[in-house]
Amino acid sequence: MKMKSSVLNVLTIVMCAFFSTEFSVATETKENVTVASPKQGQCPRALPDEEPSIRGCTRDQDCPGGHKCCVFDCGAVCVAPAFRKPGVCPPRRWGVGVCAEFCSEDDDCPHHEKCCSNGCGHQCTAPYTVKPGRCLAPQPTNMCAEFCYQDGQCPGEQKCCRTTCGHACSEPC
């Protein structure tokens, strides 16, 4: 029985290592191992209009400066990364938006706005703020009202939580 559990533990560790979402590239030298982490930012959704700095890369370290190795229809190329702004795209309230691409990345949007789906295309939108913590079970209220729609509308550390008839700002648990 001990043999089976040991084999199972080893298999679990190997599978976790294999399916890890964080990838590092290791290059060996004679005396030590140097680990290179992926560069900051994410690959853009679409190939930018600018000419790629290098074609045929295999990892971020093949790319100059802050460029990342990203795969598009034309293959792997080095391009400037896209950076995601903090916050979450708000849920769509109703129907389908305009079927046009007004942005492709958060970097395309002014100030704190994010590039969000409108149901058919993408447009710059004020982010939906999600504060840490969880809401308690819905609290009874005397009035049916929507005092808030998102955490960003609540003071301090309070979150926008469901009540028995709407939403209100409450302390998180």
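Computed from a prediction, not measured in an experiment: that's the story for all the values here.

Thresholds, definitions, all that
Residues numbered from 1 in each chain as written. Predicted model: local features only at pLDDT ≥ 70, side-chain atom pairs only at ≥ 80, totals over all residues. Heavy atoms only, no water. Salt bridge = Lys/Arg side-chain N within 4 Å of Asp/Glu carboxyl O. Buried < 20%, exposed > 50% of the residue type's maximum accessible area, 1.4 Å probe, protein only. Core = buried A, V, L, I, M, F, W, Y, C linked by side-chain atoms within 4.5 Å. Contact = heavy atoms within 4.5 Å. Disulfide = S-S within 2.5 Å. Helix = DSSP H or I, 4+ residues; strand = E, 2+ residues; numbered from the N terminus.

Enquirer: How should the pattern of salt bridges be read in this particular structure?
Expert: Charged atoms that come close allow side chains of opposite charge to pair. Tallying each qualifying case throughout the model produces 5 salt bridges. With its nearest N and O atoms 3.1 Å apart, the salt bridge here joins Arg55 to Glu51. For the residue pair Arg55 and Glu51, the accessibility class agrees, reading exposed in each case. The salt bridge involving Asp60 is made with Lys68; its shortest N-O contact spans 2.8 Å. Considered together, Asp60 and Lys68 belong to a single accessibility category, that of buried residues.

Enquirer: Explanation requested: the nonpolar core in the structure shown.
Expert: A general tendency of soluble globular proteins is for nonpolar side chains to be buried together. In terms of nonpolar packing, the biggest core is built from 5 residues, these being Cys57, Cys63, Cys69, Ala76 and Cys78. Each residue touching Cys57, except ones within four places of it in the same chain, is listed here: Asp62, Cys63, Cys69, Cys70, Ala76, Val77 and Cys78.

Enquirer: In this structure, what is going on with the state of the cysteines? I would like to understand it.
Expert: Two cysteines, two sulfur atoms, one covalent bond between them: this is a disulfide. Under the defined criterion, the tally for this structure stands at 11 disulfides. Each disulfide pairs two cysteine sulfurs, and for Cys144 the partner residue is Cys165, the sulfurs being separated by 1.7 Å. Taking the sign of the S-S torsion, about 110 degrees here, the bridge from Cys144 to Cys165 comes out right-handed. On the criterion of sequence distance, the pair formed by Cys144 in the loop between strand E7 (122-125) and strand E8 (145-146) and Cys165 in the loop between strand E9 (159-163) and strand E10 (166-170) is long-range, its members being 21 residues apart. Residue classification places Cys144 among the exposed positions, given a relative accessible area of 59%. In this structure Cys74 is a free cysteine whose sulfur lies 9.8 Å from that of Cys57, the closest cysteine sulfur available. Judged by its relative accessible area of 48%, Cys74 is partly exposed. Left unpaired, Cys173 is separated from the closest cysteine sulfur, that of Cys135, by 7.7 Å.

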